[in-house]
Structure formats: C-alpha cells, structure tokens
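Okay, here's what each chain looks like letter by letter:
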Amino acid sequence: MLQIVELQFLVHPIQKDLLTEEQVIHHWKVCWWFQKAESDLDYIEHKLEFEIAKNLPQNTPTQENPVKLLEQLRVIKSRYRELSVEADQIASEQKEAVDFIRSQLTTTLQLVQKLQEQTDREEPCAEPSIPQRVEAEFEPVTEKMFMSVPKSVRLTVKLADLNTFYQQLFDHFIKNKNSSALSVVQMSKLNMKATESKLKTLKALEILQLDKKGRVRLSMQYPNC
C-alpha cells in the first residue's frame, strides 16, 4: 500500500502543474538571456561599424584593424545562436523525458492497483472452524491391567466376562448417553450380569465409581458420561 501512495504522489496533478510551471519559467529565462546577449552583440556591432567608418584611418595594419574585431564578433553571435538552439532542444528533450516518466508511473500505478484488486478478490474468506465431537471408543481391559488387580479382589472373575460387563456399561453411559447412576437391580433389568467381584475389579482399575448407595457410573475420566 505504501508503494501505491508514493506513486500517486508522483503523478499528482498539482505536483505536475508546479513542475511544468518551473520548467516554463526556466525555459523563458534561458531564452531571455540569449536574446539579450544577441541584442547586446548587435548593438556593439553597429556601434563599432559606425565608429570605424567615422574614425578608421586608411592603411591601418591588419592586427589593429577593427574589421577583424567585427568578424570575431560575428563568430561569437553565431555561437550564441547555436547555444540558444541547443538550449531549446535540451528544454524540449527534458519535457519529453518528464512526460515519459510520468506516463510510465501512471501505468505502473494502474497495474499495481489492478493486481491488488485481483488479489483481494481471490483471497477466500476464512470460514469459522466447527469443532468436531470426538466419540469415545471402547477399550477393553487388557490382560496386564487385569492381572494388576489383587487376586483377593478379582477372585474368580474371568477377563472375558469382565470385558462383556464393561462393554454393557460403556454402551449404556457413553453410546446411549445416559448419565444417571445404575443400581444392581437396574443393571439386572438391563441384562447386565453384575457381580460384586466385577464391580470391585472395575473400581480398582478406576473405570467405574460406586456411590454410598452402591450405584454405579463410569469414572469421570469419560466426560461424556
């Protein structure tokens, strides 16, 4: 955006008018200097011709002959005219160069603006991300976990039977999104074969919790339950 502002400043119409006015003033000053110098030289030339015609003795030596001075004066005038023409050419070329630079800056500014507009149109609007809910997956009790529970707690419970009971609890609380704790009677009505050994084993593994009334719910490590 800074580059665009700088380019706009360079091609600002007010700045352009000021610069053109300065060029015109400079050009006319140069022309005036050359015209004044040429006018002065014309006056000197006519003055010398008049004085020579009036006062020049006959048989004057060449090195003292004012005519030679007039010839040199004419050479100087010619050189001044050449310099005046060159000054005009320089001023014209300078104006052409400035006009060319301004046209290039204008074209560049338009191109930059077009590219910026195109970029703005191509940038997609970021859509707000919607957090996806991650469904908990059932992870059965492993042999290692099962054997970590004291034998006095698990007694005659088998790992397969324990995981079947655990799966039923998981489906009830997690998949079916039931949050109320279950009593032993309620578990029986749901065809869950709940035994004291299974409940104590899962509690020892911190998979479920037992309240004071002996009701069951999965541990708080499952936030959905």
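Since the structure is predicted, the reported quantities are computational estimates derived from the model, not experimental observations.

Q: What is the right way to look at the overall build of the protein in this model?
A: When helices and strands are counted, the protein shows 8 helices and 2 strands. Going from N to C terminus, the protein has its helices and strands arranged as α-α-α-α-α-α-α-α-β-β. Restricting the contact set of the protein to residue pairs at least 6 apart, pairs at least 24 apart contribute 66%. When the accessible surface of the protein is totalled, it reaches about 17200 Å², and 56% of it is carbon and sulfur.

Q: Before we go on, may I ask you to explain the pattern of salt bridges in this structure?
A: For side chains of opposite charge, pairing can occur when their charged atoms come near one another. Here the structure, examined in full by the defined rule, presents 3 salt bridges. Here Glu-196 and Lys-200 are joined by a salt bridge, their closest N and O atoms 2.8 Å apart. Highlighted residues: Glu-196 and Lys-200, both in helix H8 (residues 196–204), separated by 4 residues, approximately one helical turn. Since its relative accessible area comes to 55%, Glu-196 is described here as exposed. Between Asp-211 and Arg-215 there is a salt bridge, with the nearest N and O atoms lying 2.9 Å from each other. According to the relative accessible area criterion, Asp-211 is partly exposed, its value standing at 30%.

Q: It is not clear to me how the confidence of the model for the protein should be interpreted in this structure. Could you clarify?
A: Predicted coordinates in regions of low pLDDT should not be interpreted in detail. Confidence in the prediction for the protein averages 76 pLDDT; 71% of positions are at 70 or higher. For the protein, per-element mean pLDDT is lowest for helix H1 (residues 2–10), which scores 46, and highest for helix H4 (residues 143–148), which scores 92. Every residue in residues 1–18 scores below 50 in pLDDT, and together they form 19 contacts with partners more than four places removed in sequence or on other chains. Segment residues 221–225: pLDDT under 50, and 13 contacts once partners within four positions in sequence are set aside and those in other chains are kept.

Q: Where do I start with helix H6 (residues 159–175) in this structure?
A: Since the α-helix packs 3.6 residues into each turn, any two residues three or four apart lie on the same face. With 17 residues, H6 ought to run about 24 Å at 1.5 Å a step, and its terminal C-alpha atoms sit 22 Å apart, in line with that. Buried residues belonging to H6 abut H4, helix H7 (184–189), H8, strand S1 (208–210) and strand S2 (216–218). Count one or two residues on from H6 and you reach Lys-177, which has phi positive near 55 degrees.

Q: What's the story with the packing of H6 against H8 in this structure? I'm lost.
A: For any two helices packed against each other, one specifies the crossing angle of their axes together with the interaxial distance. Running from N to C, H6 and H8 cross one another at 75 degrees; their axes reach a closest spacing of 10 Å. Between H6 and H8, the angle is such that the two are roughly perpendicular. Taking contact as the criterion, the partners of Asp-161, Leu-162, Phe-165, Tyr-166 and Leu-169 in H6 are, on H8, Lys-198, Leu-199, Thr-201 and Leu-202. When grouped by side-chain class, the residues that make up the contact of H6 with H8 number 6 nonpolar, 1 polar and 2 charged.

Q: I tried to follow the nonpolar core on my own but got confused; where do I start?
A: As a rule of thumb, nonpolar side chains are buried together in soluble globular proteins. Counting residues in each nonpolar core, the largest one holds 22 residues, and the members touching the most others are Val-141, Leu-169, Met-187, Leu-202 and Leu-218. Mapped by element, the contributors of at least two residues to this core are H6, H8 and S2. If you tally residues by element for this core, the top one is H6, at 8 residues. Setting aside chain neighbours within four positions, we find Leu-169 in contact with Leu-182, Met-187, Met-192, Leu-202, Leu-208, Val-216 and Leu-218.

Q: I'm lost on H8 in this one. Help?
A: Along H8, the positions that sit buried rather than exposed are Ser-197, Lys-198, Leu-199, Thr-201 and Leu-202. Of the surrounding elements, those touching the buried residues of H8 are H4, helix H5 (151–154), H6, H7, S1 and S2. Positive phi shows up at Glu-206, right after H8, with a value of about 60 degrees.

Q: Explain the environment of Ser-180 here, please?
A: Structurally, Ser-180 is set in the loop between H6 and H7. Taking the C-alpha atoms as reference points, Ser-180 and Val-216, separated by 36 residues in sequence, lie 8.8 Å from one another.

Q: In this structure, what is going on with the packing of aromatic side chains? I would like to understand it.
A: For any pair of aromatic rings, the description consists of the separation of the ring centres together with the inter-plane angle of the planes. By the definition in use, this model includes 2 aromatic pairs. Between Phe-138 and Tyr-166, the aromatic rings sit 4.8 Å apart at their centres with planes inclined by 55 degrees, giving tilted as the arrangement. Pair noted here: Phe-138 is in the loop between helix H3 (66–122) and H4 and Tyr-166 is in helix H6, with a separation of 28 residues, a long-range link. The partly exposed category is assigned to Phe-138, whose relative accessible area is 22%. Tyr-166 gets classed as buried once you look at its relative accessible area, which sits at 1%. Ring pairing ties together the aromatic residues Phe-138, Tyr-166 and Phe-170, which thus form one cluster. Against the face of Phe-146 rests Arg-154, its NZ or CZ located 5.2 Å from the ring centre.

So, how was this worked out
Residues numbered from 1 in each chain as written. Predicted model: local features only at pLDDT ≥ 70, side-chain atom pairs only at ≥ 80, totals over all residues. Heavy atoms only, no water. Helix = DSSP H or I, 4+ residues; strand = E, 2+ residues; numbered from the N terminus. Contact = heavy atoms within 4.5 Å. Areas by Shrake-Rupley, 256 points an atom, 1.4 Å probe, with all protein chains shown as cover. Salt bridge = Lys/Arg side-chain N within 4 Å of Asp/Glu carboxyl O. Buried < 20%, exposed > 50% of the residue type's maximum accessible area, 1.4 Å probe, protein only. pLDDT = per-residue confidence, 0-100. Expected span 1.5 Å × (residues − 1). Axes fitted to C-alpha atoms, helices over the stretch in contact; angles between N-to-C directions. Parallel < 35°, antiparallel > 145°, perpendicular 65-115°, else oblique. Nonpolar A, V, L, I, M, F, W, Y, C, P; charged D, E, K, R; others polar. Core = buried A, V, L, I, M, F, W, Y, C linked by side-chain atoms within 4.5 Å. Phe/Tyr/Trp six-rings, centres within 6.5 Å; stacked < 30°, edge-to-face > 60°. Lys NZ or Arg CZ within 6 Å of the ring centre and 35° of its normal.

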